[in-house]
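# Observations on chain architecture
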Amino acid sequence: MFPPPPLSGLKVLELAGLAPAPFAGLLLADSGASVLRIDRPPSSSSSGGAPLPSSDLLTRRKTSIPINLKDPLGISLLLSLCRQADILIDPFRPGVLEKLGLPPSLLLSQNPRLILARMTGFRRDGKYSSMAGHDINYLSVSGSLSLLGRANGPPTPPINILGDFAGGGATLFQGILLALLAREKSGKGQVVEANMVDGASYLATFPRFALGTPTGDQPRGQNILDSGCPYYDTYATKDGRFMAVGALEPQFFRAFIQGVGLPSEWERKRYDRKHWPELRSLLENKFRTRTRDEWEAIFDGTDACCTPVLTYPEMADPTNKREGDQRPPVTLTETPMLAVTKNRSQNQDPSLGQGEGVEGEGYQGQPLLPGQGGEETLKEWLGWVKGEQFDVEDGGLVLNQRPEGGSSAKAKL
(Lines give C-alpha, C1' and ligand atoms only; values in the text may rest on other atoms or scores of the structure.)
Protein backbone atom coordinates (compact mmCIF):
# COMPACT_ATOMS: atom_id res chain seq x y z
CA MET A 1 0.00 0.00 0.00
CA PHE A 2 1.45 3.34 -1.07
CA PRO A 3 1.09 6.58 0.90
CA PRO A 4 -1.15 9.32 -0.53
CA PRO A 5 0.15 11.02 -3.68
CA PRO A 6 2.15 14.24 -3.19
CA LEU A 7 -0.61 16.82 -3.70
CA SER A 8 -3.31 15.03 -1.71
CA GLY A 9 -5.48 17.44 0.27
CA LEU A 10 -5.10 20.38 -2.11
CA LYS A 11 -8.35 21.94 -3.36
CA VAL A 12 -8.25 23.23 -6.92
CA LEU A 13 -10.86 25.30 -8.76
CA GLU A 14 -10.45 25.10 -12.54
CA LEU A 15 -12.43 27.61 -14.57
CA ALA A 16 -13.49 25.70 -17.67
CA GLY A 17 -11.27 26.14 -20.72
CA LEU A 18 -9.58 24.05 -23.37
CA ALA A 19 -6.15 22.43 -23.77
CA PRO A 20 -3.39 24.14 -21.71
CA ALA A 21 -5.24 25.12 -18.52
CA PRO A 22 -7.13 21.80 -18.27
CA PHE A 23 -3.80 20.02 -18.80
CA ALA A 24 -2.38 21.82 -15.77
CA GLY A 25 -5.49 20.71 -13.86
CA LEU A 26 -4.96 17.16 -15.09
CA LEU A 27 -1.39 17.13 -13.78
CA LEU A 28 -2.66 18.38 -10.41
CA ALA A 29 -5.40 15.73 -10.31
CA ASP A 30 -2.99 12.92 -11.24
CA SER A 31 -0.77 14.16 -8.41
CA GLY A 32 -3.60 13.70 -5.90
CA ALA A 33 -5.22 17.16 -5.77
CA SER A 34 -9.02 17.43 -5.77
CA VAL A 35 -9.93 19.39 -8.91
CA LEU A 36 -13.38 20.95 -9.28
CA ARG A 37 -14.13 22.38 -12.73
CA ILE A 38 -16.38 25.45 -12.90
CA ASP A 39 -18.61 25.11 -15.98
CA ARG A 40 -21.18 27.35 -17.56
CA PRO A 41 -24.79 26.38 -16.78
CA PRO A 42 -26.53 24.49 -19.61
CA SER A 43 -28.07 26.82 -22.15
CA SER A 44 -31.73 26.75 -23.05
CA SER A 45 -30.72 25.76 -26.59
CA SER A 46 -29.40 22.40 -25.39
CA SER A 47 -31.74 19.43 -25.45
CA GLY A 48 -34.36 20.23 -22.84
CA GLY A 49 -31.81 22.36 -21.01
CA ALA A 50 -29.87 19.19 -20.15
CA PRO A 51 -26.12 19.65 -19.72
CA LEU A 52 -23.91 18.70 -22.65
CA PRO A 53 -20.27 17.67 -22.28
CA SER A 54 -17.67 20.15 -23.48
CA SER A 55 -14.98 19.17 -25.96
CA ASP A 56 -12.48 19.06 -23.08
CA LEU A 57 -11.32 15.48 -22.60
CA LEU A 58 -8.57 16.25 -20.07
CA THR A 59 -10.98 15.45 -17.26
CA ARG A 60 -9.79 12.37 -15.42
CA ARG A 61 -10.29 12.51 -11.66
CA LYS A 62 -12.06 15.88 -11.94
CA THR A 63 -15.60 16.84 -10.98
CA SER A 64 -17.78 19.76 -12.06
CA ILE A 65 -20.31 22.30 -10.91
CA PRO A 66 -22.09 24.83 -13.15
CA ILE A 67 -21.91 28.48 -12.09
CA ASN A 68 -23.15 31.50 -14.01
CA LEU A 69 -20.23 33.92 -13.66
CA LYS A 70 -22.31 36.75 -15.15
CA ASP A 71 -24.73 36.53 -12.22
CA PRO A 72 -23.75 38.21 -8.91
CA LEU A 73 -25.17 35.18 -7.10
CA GLY A 74 -22.79 32.92 -9.03
CA ILE A 75 -19.85 35.23 -8.39
CA SER A 76 -20.72 35.17 -4.69
CA LEU A 77 -20.57 31.38 -4.69
CA LEU A 78 -17.25 31.33 -6.53
CA LEU A 79 -15.75 33.82 -4.07
CA SER A 80 -16.93 31.68 -1.19
CA LEU A 81 -15.20 28.66 -2.76
CA CYS A 82 -12.03 30.67 -3.38
CA ARG A 83 -11.84 31.43 0.34
CA GLN A 84 -11.45 27.68 0.94
CA ALA A 85 -9.40 26.70 -2.14
CA ASP A 86 -5.65 26.39 -2.54
CA ILE A 87 -5.49 27.05 -6.28
CA LEU A 88 -7.67 28.78 -8.87
CA ILE A 89 -6.84 28.16 -12.55
CA ASP A 90 -7.76 31.02 -14.87
CA PRO A 91 -7.78 30.02 -18.58
CA PHE A 92 -9.24 33.25 -19.94
CA ARG A 93 -7.81 35.88 -22.27
CA PRO A 94 -6.33 38.97 -20.58
CA GLY A 95 -8.95 41.13 -18.90
CA VAL A 96 -11.77 38.58 -18.78
CA LEU A 97 -11.45 37.76 -15.08
CA GLU A 98 -11.28 41.47 -14.28
CA LYS A 99 -14.45 42.16 -16.32
CA LEU A 100 -16.21 39.52 -14.23
CA GLY A 101 -15.35 41.54 -11.14
CA LEU A 102 -12.72 39.05 -9.99
CA PRO A 103 -9.37 40.86 -10.20
CA PRO A 104 -6.39 39.18 -8.54
CA SER A 105 -6.37 41.83 -5.78
CA LEU A 106 -9.92 40.86 -4.73
CA LEU A 107 -9.27 37.12 -4.88
CA LEU A 108 -6.09 37.36 -2.81
CA SER A 109 -7.76 39.68 -0.30
CA GLN A 110 -10.45 37.05 0.20
CA ASN A 111 -7.86 34.30 0.66
CA PRO A 112 -4.21 35.38 1.12
CA ARG A 113 -3.07 31.75 0.71
CA LEU A 114 -4.72 31.37 -2.69
CA ILE A 115 -2.53 30.63 -5.70
CA LEU A 116 -4.10 32.22 -8.79
CA ALA A 117 -2.67 30.36 -11.78
CA ARG A 118 -3.28 32.29 -15.00
CA MET A 119 -2.77 30.85 -18.49
CA THR A 120 -2.69 32.95 -21.66
CA GLY A 121 -1.48 32.35 -25.18
CA PHE A 122 0.28 35.63 -25.91
CA ARG A 123 2.03 37.64 -23.22
CA ARG A 124 -0.41 39.54 -21.03
CA ASP A 125 1.70 42.68 -21.44
CA GLY A 126 2.76 42.11 -25.06
CA LYS A 127 1.88 43.42 -28.51
CA TYR A 128 -0.61 40.63 -29.23
CA SER A 129 -2.32 40.46 -25.83
CA SER A 130 -5.79 41.45 -27.09
CA MET A 131 -5.72 39.14 -30.13
CA ALA A 132 -7.11 35.65 -30.53
CA GLY A 133 -4.66 32.90 -31.33
CA HIS A 134 -3.92 29.20 -31.39
CA ASP A 135 -0.86 27.05 -30.81
CA ILE A 136 0.57 27.82 -34.25
CA ASN A 137 0.33 31.58 -33.61
CA TYR A 138 2.01 31.39 -30.22
CA LEU A 139 4.85 29.32 -31.68
CA SER A 140 5.20 31.69 -34.61
CA VAL A 141 5.80 34.81 -32.49
CA SER A 142 7.96 32.90 -29.98
CA GLY A 143 10.53 32.12 -32.67
CA SER A 144 10.32 28.37 -32.09
CA LEU A 145 8.18 27.67 -35.17
CA SER A 146 10.93 29.06 -37.41
CA LEU A 147 13.12 26.12 -36.38
CA LEU A 148 10.64 23.38 -37.32
CA GLY A 149 10.35 21.87 -40.79
CA ARG A 150 12.34 20.28 -43.57
CA ALA A 151 14.77 22.00 -45.90
CA ASN A 152 13.32 24.21 -48.62
CA GLY A 153 9.84 23.95 -47.09
CA PRO A 154 7.73 26.19 -44.88
CA PRO A 155 7.83 26.03 -41.08
CA THR A 156 5.80 23.02 -39.92
CA PRO A 157 3.60 23.18 -36.79
CA PRO A 158 4.19 20.07 -34.61
CA ILE A 159 0.50 19.47 -33.80
CA ASN A 160 -0.23 21.36 -30.53
CA ILE A 161 2.21 19.62 -28.18
CA LEU A 162 4.86 22.33 -27.97
CA GLY A 163 2.65 25.37 -27.34
CA ASP A 164 -0.52 24.22 -25.61
CA PHE A 165 0.89 21.44 -23.50
CA ALA A 166 4.67 21.76 -23.01
CA GLY A 167 4.96 25.55 -23.18
CA GLY A 168 1.49 26.08 -21.71
CA GLY A 169 -0.09 23.58 -19.33
CA ALA A 170 3.09 21.87 -18.11
CA THR A 171 4.79 25.24 -17.58
CA LEU A 172 1.80 26.52 -15.60
CA PHE A 173 1.93 23.35 -13.48
CA GLN A 174 5.59 24.05 -12.78
CA GLY A 175 4.73 27.59 -11.71
CA ILE A 176 2.02 26.28 -9.38
CA LEU A 177 4.48 23.90 -7.73
CA LEU A 178 6.97 26.74 -7.25
CA ALA A 179 4.23 28.88 -5.69
CA LEU A 180 3.29 26.04 -3.34
CA LEU A 181 6.92 25.77 -2.22
CA ALA A 182 7.06 29.53 -1.66
CA ARG A 183 3.81 29.39 0.32
CA GLU A 184 5.35 26.83 2.67
CA LYS A 185 7.93 29.47 3.62
CA SER A 186 5.86 32.66 3.54
CA GLY A 187 2.35 31.42 4.29
CA LYS A 188 1.11 33.51 1.38
CA GLY A 189 -0.25 32.67 -2.04
CA GLN A 190 0.48 34.67 -5.19
CA VAL A 191 -0.39 35.11 -8.84
CA VAL A 192 1.32 32.68 -11.24
CA GLU A 193 1.48 33.98 -14.80
CA ALA A 194 2.21 31.59 -17.69
CA ASN A 195 1.89 32.14 -21.41
CA MET A 196 2.63 29.89 -24.35
CA VAL A 197 4.92 32.35 -26.11
CA ASP A 198 7.40 32.50 -23.22
CA GLY A 199 6.94 28.81 -22.43
CA ALA A 200 7.70 27.66 -25.98
CA SER A 201 10.62 30.08 -26.29
CA TYR A 202 12.12 28.83 -23.02
CA LEU A 203 11.83 25.23 -24.25
CA ALA A 204 13.78 26.31 -27.35
CA THR A 205 16.75 27.48 -25.25
CA PHE A 206 19.19 24.87 -26.60
CA PRO A 207 18.36 25.20 -30.32
CA ARG A 208 18.36 28.99 -29.93
CA PHE A 209 21.87 28.86 -28.47
CA ALA A 210 22.87 26.37 -31.17
CA LEU A 211 22.13 28.90 -33.93
CA GLY A 212 25.65 30.24 -33.39
CA THR A 213 27.36 26.85 -33.41
CA PRO A 214 27.98 24.14 -36.04
CA THR A 215 25.06 22.19 -34.55
CA GLY A 216 22.48 24.67 -35.78
CA ASP A 217 24.01 27.42 -37.92
CA GLN A 218 22.51 26.23 -41.22
CA PRO A 219 19.04 27.08 -42.61
CA ARG A 220 16.00 25.20 -41.28
CA GLY A 221 16.07 21.48 -42.12
CA GLN A 222 19.80 21.42 -42.93
CA ASN A 223 21.25 20.91 -39.46
CA ILE A 224 22.17 17.83 -37.48
CA LEU A 225 19.03 17.59 -35.33
CA ASP A 226 16.33 19.02 -37.64
CA SER A 227 16.26 16.32 -40.38
CA GLY A 228 19.21 17.71 -42.30
CA CYS A 229 21.55 14.94 -41.18
CA PRO A 230 20.91 11.51 -42.80
CA TYR A 231 21.82 9.60 -39.65
CA TYR A 232 19.35 11.60 -37.56
CA ASP A 233 16.08 11.16 -39.43
CA THR A 234 13.23 8.76 -40.19
CA TYR A 235 13.00 6.30 -43.07
CA ALA A 236 10.10 4.48 -44.73
CA THR A 237 10.18 0.69 -44.64
CA LYS A 238 8.91 -1.92 -47.09
CA ASP A 239 5.46 -2.00 -45.47
CA GLY A 240 5.01 1.78 -45.45
CA ARG A 241 5.91 2.23 -41.80
CA PHE A 242 8.97 4.01 -40.43
CA MET A 243 12.21 3.62 -38.51
CA ALA A 244 13.90 6.41 -36.55
CA VAL A 245 17.68 6.80 -36.71
CA GLY A 246 19.70 8.81 -34.16
CA ALA A 247 23.19 7.37 -34.61
CA LEU A 248 25.22 10.48 -33.80
CA GLU A 249 28.19 9.27 -31.76
CA PRO A 250 30.92 7.20 -33.51
CA GLN A 251 30.25 3.98 -31.61
CA PHE A 252 26.51 4.22 -32.26
CA PHE A 253 27.02 5.01 -35.94
CA ARG A 254 29.34 2.00 -36.26
CA ALA A 255 26.68 -0.30 -34.84
CA PHE A 256 24.08 1.31 -37.11
CA ILE A 257 25.91 0.82 -40.40
CA GLN A 258 26.74 -2.74 -39.42
CA GLY A 259 23.05 -3.43 -38.88
CA VAL A 260 21.89 -1.72 -42.05
CA GLY A 261 24.68 -3.26 -44.13
CA LEU A 262 26.81 -0.31 -45.25
CA PRO A 263 30.60 -0.41 -45.63
CA SER A 264 32.82 0.85 -42.80
CA GLU A 265 34.18 3.69 -44.96
CA TRP A 266 31.04 5.63 -43.97
CA GLU A 267 32.44 6.00 -40.47
CA ARG A 268 34.87 8.51 -41.95
CA LYS A 269 32.81 9.95 -44.79
CA ARG A 270 29.77 10.82 -42.65
CA TYR A 271 31.45 13.94 -41.25
CA ASP A 272 31.68 15.57 -44.68
CA ARG A 273 28.33 17.19 -45.52
CA LYS A 274 28.95 16.84 -49.25
CA HIS A 275 28.42 13.06 -48.80
CA TRP A 276 25.11 13.44 -46.93
CA PRO A 277 22.86 13.28 -50.03
CA GLU A 278 24.54 10.03 -51.11
CA LEU A 279 24.23 8.50 -47.64
CA ARG A 280 20.59 9.52 -47.42
CA SER A 281 19.82 7.86 -50.75
CA LEU A 282 21.58 4.66 -49.67
CA LEU A 283 19.63 4.56 -46.42
CA GLU A 284 16.31 5.21 -48.14
CA ASN A 285 16.93 2.27 -50.46
CA LYS A 286 18.17 0.00 -47.66
CA PHE A 287 15.18 0.60 -45.39
CA ARG A 288 12.74 -0.12 -48.22
CA THR A 289 14.08 -3.68 -48.49
CA ARG A 290 12.59 -4.87 -45.18
CA THR A 291 9.47 -4.35 -43.12
CA ARG A 292 9.56 -2.29 -39.97
CA ASP A 293 9.27 -5.39 -37.78
CA GLU A 294 12.19 -6.99 -39.60
CA TRP A 295 14.34 -3.91 -39.03
CA GLU A 296 13.23 -3.80 -35.41
CA ALA A 297 14.38 -7.38 -34.94
CA ILE A 298 17.81 -6.48 -36.36
CA PHE A 299 18.36 -3.47 -34.10
CA ASP A 300 16.70 -4.62 -30.88
CA GLY A 301 19.24 -4.90 -28.09
CA THR A 302 21.94 -2.94 -29.95
CA ASP A 303 23.42 0.53 -29.45
CA ALA A 304 22.64 1.57 -33.03
CA CYS A 305 20.04 4.14 -31.91
CA CYS A 306 17.60 2.79 -34.48
CA THR A 307 14.05 2.20 -33.31
CA PRO A 308 10.56 1.73 -34.76
CA VAL A 309 8.23 4.72 -35.08
CA LEU A 310 5.28 3.42 -33.05
CA THR A 311 1.76 4.75 -33.42
CA TYR A 312 -0.64 5.21 -30.52
CA PRO A 313 -3.30 2.89 -32.02
CA GLU A 314 -0.84 -0.01 -32.09
CA MET A 315 0.53 0.86 -28.64
CA ALA A 316 -3.03 0.78 -27.26
CA ASP A 317 -3.44 -2.79 -28.54
CA PRO A 318 -3.29 -5.05 -25.43
CA THR A 319 -1.23 -7.57 -27.42
CA ASN A 320 1.49 -4.97 -27.96
CA LYS A 321 4.64 -6.06 -26.13
CA ARG A 322 6.39 -2.71 -26.33
CA GLU A 323 6.20 0.22 -23.89
CA GLY A 324 2.56 0.93 -24.60
CA ASP A 325 1.03 1.21 -21.12
CA GLN A 326 0.55 4.85 -20.19
CA ARG A 327 2.16 6.00 -16.95
CA PRO A 328 2.56 9.23 -14.99
CA PRO A 329 5.27 11.54 -16.37
CA VAL A 330 7.63 11.09 -13.42
CA THR A 331 8.28 8.50 -10.75
CA LEU A 332 8.17 9.41 -7.07
CA THR A 333 9.18 6.21 -5.37
CA GLU A 334 7.72 7.11 -1.96
CA THR A 335 4.63 9.11 -2.96
CA PRO A 336 3.87 8.17 -6.58
CA MET A 337 1.32 9.94 -8.71
CA LEU A 338 -1.95 8.18 -9.47
CA ALA A 339 -2.01 5.46 -12.12
CA VAL A 340 -3.28 6.02 -15.64
CA THR A 341 -3.72 2.40 -16.68
CA LYS A 342 -6.52 0.55 -14.88
CA ASN A 343 -6.22 -2.37 -12.49
CA ARG A 344 -2.77 -1.57 -11.20
CA SER A 345 -2.16 -3.65 -8.11
CA GLN A 346 -1.42 -1.79 -4.89
CA ASN A 347 1.70 -3.89 -4.36
CA GLN A 348 3.28 -3.29 -7.76
CA ASP A 349 6.46 -1.32 -8.41
CA PRO A 350 5.92 2.37 -7.54
CA SER A 351 7.19 3.35 -10.99
CA LEU A 352 3.86 2.19 -12.37
CA GLY A 353 1.87 4.60 -10.22
CA GLN A 354 -0.82 3.55 -7.79
CA GLY A 355 -4.56 3.07 -7.57
CA GLU A 356 -6.95 1.67 -10.13
CA GLY A 357 -6.25 3.97 -13.04
CA VAL A 358 -8.97 5.37 -15.28
CA GLU A 359 -11.26 4.39 -18.12
CA GLY A 360 -9.57 4.61 -21.49
CA GLU A 361 -6.14 3.53 -20.24
CA GLY A 362 -4.69 6.89 -21.20
CA TYR A 363 -5.70 6.44 -24.85
CA GLN A 364 -9.27 7.70 -24.67
CA GLY A 365 -10.46 10.79 -22.82
CA GLN A 366 -13.76 10.79 -20.98
CA PRO A 367 -16.14 13.76 -21.27
CA LEU A 368 -17.22 15.50 -18.08
CA LEU A 369 -20.77 16.82 -17.90
CA PRO A 370 -21.37 20.18 -16.21
CA GLY A 371 -22.36 19.29 -12.65
CA GLN A 372 -20.96 15.76 -12.75
CA GLY A 373 -19.72 14.78 -9.29
CA GLY A 374 -19.45 18.38 -8.14
CA GLU A 375 -22.00 18.30 -5.34
CA GLU A 376 -20.15 15.35 -3.80
CA THR A 377 -16.93 17.38 -4.00
CA LEU A 378 -18.54 20.34 -2.21
CA LYS A 379 -19.67 18.01 0.55
CA GLU A 380 -16.19 16.50 0.80
CA TRP A 381 -14.43 19.87 0.81
CA LEU A 382 -16.77 21.92 2.95
CA GLY A 383 -19.60 19.74 4.20
CA TRP A 384 -21.99 21.70 1.98
CA VAL A 385 -25.37 20.22 1.06
CA LYS A 386 -27.78 21.36 -1.64
CA GLY A 387 -30.68 23.28 -0.10
CA GLU A 388 -28.54 24.31 2.83
CA GLN A 389 -25.42 26.19 1.80
CA PHE A 390 -26.22 26.33 -1.94
CA ASP A 391 -29.05 25.91 -4.41
CA VAL A 392 -29.58 25.63 -8.16
CA GLU A 393 -30.99 28.58 -10.09
CA ASP A 394 -31.35 28.60 -13.90
CA GLY A 395 -29.06 25.59 -14.13
CA GLY A 396 -26.25 27.17 -12.11
CA LEU A 397 -25.30 26.88 -8.46
CA VAL A 398 -25.81 29.91 -6.20
CA LEU A 399 -24.85 30.47 -2.60
CA ASN A 400 -27.41 30.49 0.20
CA GLN A 401 -26.98 32.35 3.45
CA ARG A 402 -29.11 31.97 6.57
CA PRO A 403 -29.81 35.25 8.34
CA GLU A 404 -30.00 35.07 12.10
CA GLY A 405 -33.23 33.40 13.17
CA GLY A 406 -34.63 33.27 9.65
CA SER A 407 -34.99 31.23 6.53
CA SER A 408 -32.35 30.97 3.85
CA ALA A 409 -31.74 33.89 1.53
CA LYS A 410 -29.69 34.12 -1.64
CA ALA A 411 -26.34 35.76 -1.04
CA LYS A 412 -25.50 38.89 -2.98
CA LEU A 413 -22.23 40.76 -3.49
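The protein is annotated in an unreviewed UniProt entry as Alpha-methylacyl racemase from Podospora australis. Note on the protein: under the UniProt heading Sequence similarities (unreviewed entry), the record states "Belongs to the CoA-transferase III family."

Together, Phe206, Leu225 and Tyr232 line one region of the surface with nonpolar side chains, adding up to about 290 Å² of accessible area. Residue position: tyrosine 232 is located in strand E7 (residues 232–236). Look at tyrosine 232 and you get partly exposed, because its relative accessible area is 33%.

At a closest axis distance of 8 Å, the pairing of helix H1 (residues 20–30) and helix H6 (residues 161–186) adopts a crossing angle of 50°. With respect to H6, the element H1 is oriented oblique. Crossing geometry of H1 relative to H6 is assigned as right-handed. Contacts from Pro20, Phe23, Ala24, Leu27 and Leu28 of H1 reach H6 at Asp164, Phe165, Gly168, Gly169, Ala170, Leu172, Phe173 and Ile176.

Quick look at the environment of asparagine 160 now. Summarising the element assignment, asparagine 160 is placed in the loop between helix H5 (135–142) and H6. By relative accessible area, which is 26% here, asparagine 160 ends up partly exposed. Along the primary structure asparagine 160 and aspartate 135 are separated by 25 residues, whereas in three dimensions their C-alpha atoms are 5.7 Å apart. Here asparagine 160 is in contact with Asp135 and Phe165, once residues within four sequence places are set aside. Only 2.9 Å separates the side chain of asparagine 160 from the side chain of aspartate 164, close enough to count as a polar contact.

Attention shifts here to the pattern of salt bridges. Within the structure shown, the criterion is met by 25 salt bridges. Across the pair aspartate 86 and arginine 183 runs a salt bridge whose closest N-O atoms are separated by 3.0 Å. You can see aspartate 86 sitting in the loop between helix H2 (72–82) and strand E4 (87–90) and its partner arginine 183 sitting in helix H6, a full 97 residues away along the chain. Accessibility assignment for this pair places aspartate 86 and arginine 183 in one class, buried. Across the pair arginine 292 and aspartate 293 runs a salt bridge whose closest N-O atoms are separated by 3.8 Å. On the accessibility criterion, arginine 292 (1% relative accessible area) is buried. Connected through salt bridges with shared partners, the residues Asp239, Arg241, Arg292, Asp293, Glu296, Glu314 and Arg322 form a single ionic network.

What follows covers the sheet that holds E7. Across the sheet, three strands lie side by side as E7-E8-E9; this open sheet has antiparallel pairing. Each edge of the open sheet is held by one strand with a lone partner, namely E7 and strand E9 (306–308). The mean angle between the axes of side-by-side strands here comes to 25°, regardless of whether they run parallel or antiparallel. With five bridges connecting them, E7 and strand E8 (residues 242–246) associate as antiparallel partners. By the bridge assignment, tyrosine 235 is partnered in E8 with methionine 243. Where helix H11 (residues 276–287) meets the sheet, its contacts fall on E7, E8 and E9, and the angle it forms with E7 comes to roughly 40°. The strands touched by helix H12 (residues 292–299) are E8 and E9; relative to E8, the strand with the most contacts, the crossing angle is about 35°.

Read from one edge to the other, the open sheet built from six strands follows the order E3-E2-E1-E4-E5-E6, with strand pairing classed as parallel. In this open sheet, the two strands that pair with only one neighbour each are strand E3 (62–66) and strand E6 (191–195). Neighbour-to-neighbour, the strand axes of the sheet open up by a mean angle of 20°, direction not taken into account. Across four bridges, the pairing between E4 and strand E5 (residues 115–120) is parallel.

So, about the packing of aromatic side chains. Scanning the entire structure with this criterion turns up twelve aromatic pairs. Put simply, the rings of Tyr231, Tyr235, Phe253, Phe256, Trp276, Phe287, Trp295 and Phe299 pair up and form one aromatic cluster. The ring of tryptophan 266 has lysine 269 sitting right over it, with the charged end atom 4.2 Å from the ring centre.

This part takes up the state of the cysteines. Taken as a whole, this structure holds zero disulfides when the rule is applied. No disulfide involves cysteine 229; its sulfur sits 12 Å from that of cysteine 305, the nearest cysteine.

Take the nonpolar core next. The biggest cluster of nonpolar side chains holds 27 residues, and the ones touching the most others in it are Leu13 and Leu107. Top element by residues in this core is H2. It accounts for six residues. Excluding anything up to four places from it in sequence, leucine 13 contacts Leu36, Ile38, Leu78, Leu81, Cys82, Ala85, Ile87, Leu88, Ile89 and Trp381. Ala24, Leu27, Ala33 and Ile89 belong to the second largest nonpolar core, which has 26 residues in total.

This part is about H2. A turn of α-helix holds 3.6 residues, and therefore any two residues three or four places apart point the same way. For H2, the tally of buried residues reaches ten of eleven residues, placing the bulk of the element in the interior. Of all the positions in H2, only Leu73, Gly74, Ile75, Ser76, Leu77, Leu78, Leu79, Ser80, Leu81 and Cys82 are classed as buried. The opening residue of H2, the one whose side-chain oxygen lies 2.8 Å from the backbone nitrogen of leucine 73, is aspartate 71.

Time to look at helix H14 (residues 374–382). Within the span of H14, buried status applies to Gly374, Thr377, Leu378 and Trp381. Here the buried residues of H14 occupy an arc of 100° about the axis, which is enough to place them on one side. For H14, the exposed residues lying more than 90 degrees away from the buried face are Glu376, Lys379 and Glu380. Backbone geometry just downstream of H14 places glycine 383 in the positive-phi region, at approximately 75°.

Cut-offs applied
- Residues numbered from 1 in each chain as written.
- Predicted model: local features only at pLDDT ≥ 70, side-chain atom pairs only at ≥ 80, totals over all residues.
- Heavy atoms only, no water.
- UniProt positions renumbered as here; feature names shortened; annotations may be inferred.
- Patch = residues over 30% accessible without salt bridge, like charges linked within 9 Å, V, L, I, M, F, W, Y side chains within 5 Å.
- Areas by Shrake-Rupley, 256 points an atom, 1.4 Å probe, with all protein chains shown as cover.
- Salt bridge = Lys/Arg side-chain N within 4 Å of Asp/Glu carboxyl O.
- Helix = DSSP H or I, 4+ residues; strand = E, 2+ residues; numbered from the N terminus.
- Buried < 20%, exposed > 50% of the residue type's maximum accessible area, 1.4 Å probe, protein only.
- Axes fitted to C-alpha atoms, helices over the stretch in contact; angles between N-to-C directions.
- Parallel < 35°, antiparallel > 145°, perpendicular 65-115°, else oblique.
- Left-handed = near helix turned anticlockwise from the far one by under 90°.
- Contact = heavy atoms within 4.5 Å.
- Polar contact = N/O pair within 3.5 Å; in protein donor to acceptor, adjacent residues only side chain to side chain.
- Pairing = 2+ DSSP bridges.
- Phe/Tyr/Trp six-rings, centres within 6.5 Å; stacked < 30°, edge-to-face > 60°.
- Lys NZ or Arg CZ within 6 Å of the ring centre and 35° of its normal.
- Disulfide = S-S within 2.5 Å.
- Core = buried A, V, L, I, M, F, W, Y, C linked by side-chain atoms within 4.5 Å.
- Arc of directions from axis to C-beta.

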